[in-house]
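Chain and residue survey
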Amino acid sequence: MRIARFSAGGEPRYGLVELAEDHGENPESIAVLNADPLAGPVKLTGERVLLSEARLLAPVIPRSKVVGVGRNYAAHAAELGNPVPDEPVLFFKPNTSVIGPGEPVICPPETQNLHFEGELAVVIGRICRRVPIERTAEVIFGYTIGNDITARDLQSSDAQWTRAKGFDTFCPLGPWIVTHFAPDDVRDLDISTTVNGEARQAGNTSEMLRGVPELIAYISAFTTLLPGDVILTGTPAGVGQLAVGDEVSVSVSQIGTLSNPVMAG
Ligand code: ZN
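Residues numbered from 1 in each chain as written. Predicted model: local features only at pLDDT ≥ 70, side-chain atom pairs only at ≥ 80, totals over all residues. Heavy atoms only, no water.

Turning next to unusual backbone geometry. Along the chain, Gly-174 connects to Pro-175 via a cis peptide bond; the corresponding omega equals 5 degrees. Relative to the helices and strands, Pro-175 is located in strand 14 (residues 171-178). Residue Arg-130 is not a glycine yet carries a positive backbone phi of 50 degrees. In this structure, Arg-130 sits in the loop between strand 11 (118-124) and strand 12 (140-147). We classify Arg-130 as exposed; its relative accessible area is 55%. The phi torsion at Thr-169 lies on the positive side, around 75 degrees, for a residue other than glycine. Within the fold, Thr-169 resides in the loop between helix 3 (162-166) and strand 14. (Helix = DSSP H or I, 4+ residues; strand = E, 2+ residues; numbered from the N terminus. Buried < 20%, exposed > 50% of the residue type's maximum accessible area, 1.4 Å probe, protein only.)

Next comes the structure, spelled out in structure tokens:
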């Protein structure tokens, strides 16, 4: 299933995205759910909304946290002059940094070097702590796309990455959450990023130094993960600068494309 959070003029609602391939008579519609599927059991209301008449929102607003993973692709670590770390490098992005598809990334006046980082994002479905590596699939709700927007100059000048990666709007998520992947499906997904339609990043999740199960086990060993928490799994090589007026799009195969304009703060 592809679960979207959307607005069709009123309060945010949830629904199942039906693409042409699996719902030929009424392509690209949303079958509306009665509630947030991350909060408990849901059912279809019977109502349908055309995707073209809905505004997709961030598919999840993390209740407590977005956990980022730094330097999880060797080629990306190398391009910024960093060694491959012995242990995963972790950081938090506040949930106030999350925006949805089409919402503007605001370039704040504090940075002169705003970067995109296209990433596979994992959405946690169950409260969990110290998840054994072989049981991590049980705590995954699904997968979406993240753009780990980073003020690269502040990442270097600040002692910690909190500000460089935590500004409001620095965590676009979307366009929806795919819940039907088996663990093996996410080991070979293409990740690509374009800026104004020009190719910038082209990687594959098979290049991750630590895969999704390893990351969930490592992260949940120190912090309780809650339903709706998000893990950004790291970015492949090819990161680069964004300018005001740019349109940045991150695509992950079998999930979709997340696009956001960049605006001045
Ligand atoms: Zn990142």
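What follows deals with the coordination of the zinc ion. Within the protein, Glu-117 (OE), Glu-119 (OE) and Asp-148 (OD) serve as the donor atoms for the zinc ion, at 1.9 to 2.1 Å. Here the donor residues of the zinc ion share one chain and are spaced in sequence as E-x1-E-x28-D. Here the residue Glu-117 occupies a position in the loop between strand 10 (114-116) and strand 11, and Asp-148 occupies one in the loop between strand 12 and strand 13 (150-151), the gap between them amounting to 31 residues. Of the residues examined, Asp-148 reaches a relative accessible area of 1% and is grouped as buried. (Donors = N, O, S within 2.8 Å, 3.2 Å for Na, K, Ca; no water.)

Okay, the domain arrangement of the protein chain next. Segmenting the protein chain into domains produces domain 1 (2-56) and domain 2 (66-264). On a C-alpha basis, the centres of domain 1 and domain 2 stand 25 Å from each other. Taken together, the contacts link eight residues of domain 1 with twelve residues of domain 2. Where domain 1 abuts domain 2, roughly 910 Å² becomes buried across the two surfaces, and 72% of that area is made up of carbon and sulfur atoms. (Domains from an automatic or database assignment. Contact = heavy atoms within 4.5 Å. Buried area = accessible area lost by both parts, 1.4 Å probe.)

Pairing between side chains of opposite charge can happen when their charged atoms approach one another. Scanning the entire structure with this criterion turns up eleven salt bridges. Between Lys-65 and Asp-229 there is a salt bridge; the shortest N-O distance is 2.8 Å. Of this pair, Lys-65 sits in the loop between strand 5 (55-57) and strand 6 (66-70) while Asp-229 sits in the loop between helix 4 (212-220) and strand 17 (230-232), and the two are 164 residues apart along the sequence. According to the relative accessible area criterion, Asp-229 is buried, its value standing at 0%. One salt bridge connects Arg-152 with Glu-117, and the closest N-O pair in it is separated by 2.8 Å. With Arg-152 in helix 2 (residues 152-157) and Glu-117 in the loop between strand 10 and strand 11, the pair connects residues that are 35 residues apart, well separated along the chain. A residue is classified by how much of its surface remains accessible, and Glu-117, at 3% relative accessible area, is buried. One network of salt bridges, with partners in common, ties together Lys-93, Glu-117, Asp-148, Arg-152 and Lys-165. (Salt bridge = Lys/Arg side-chain N within 4 Å of Asp/Glu carboxyl O.)

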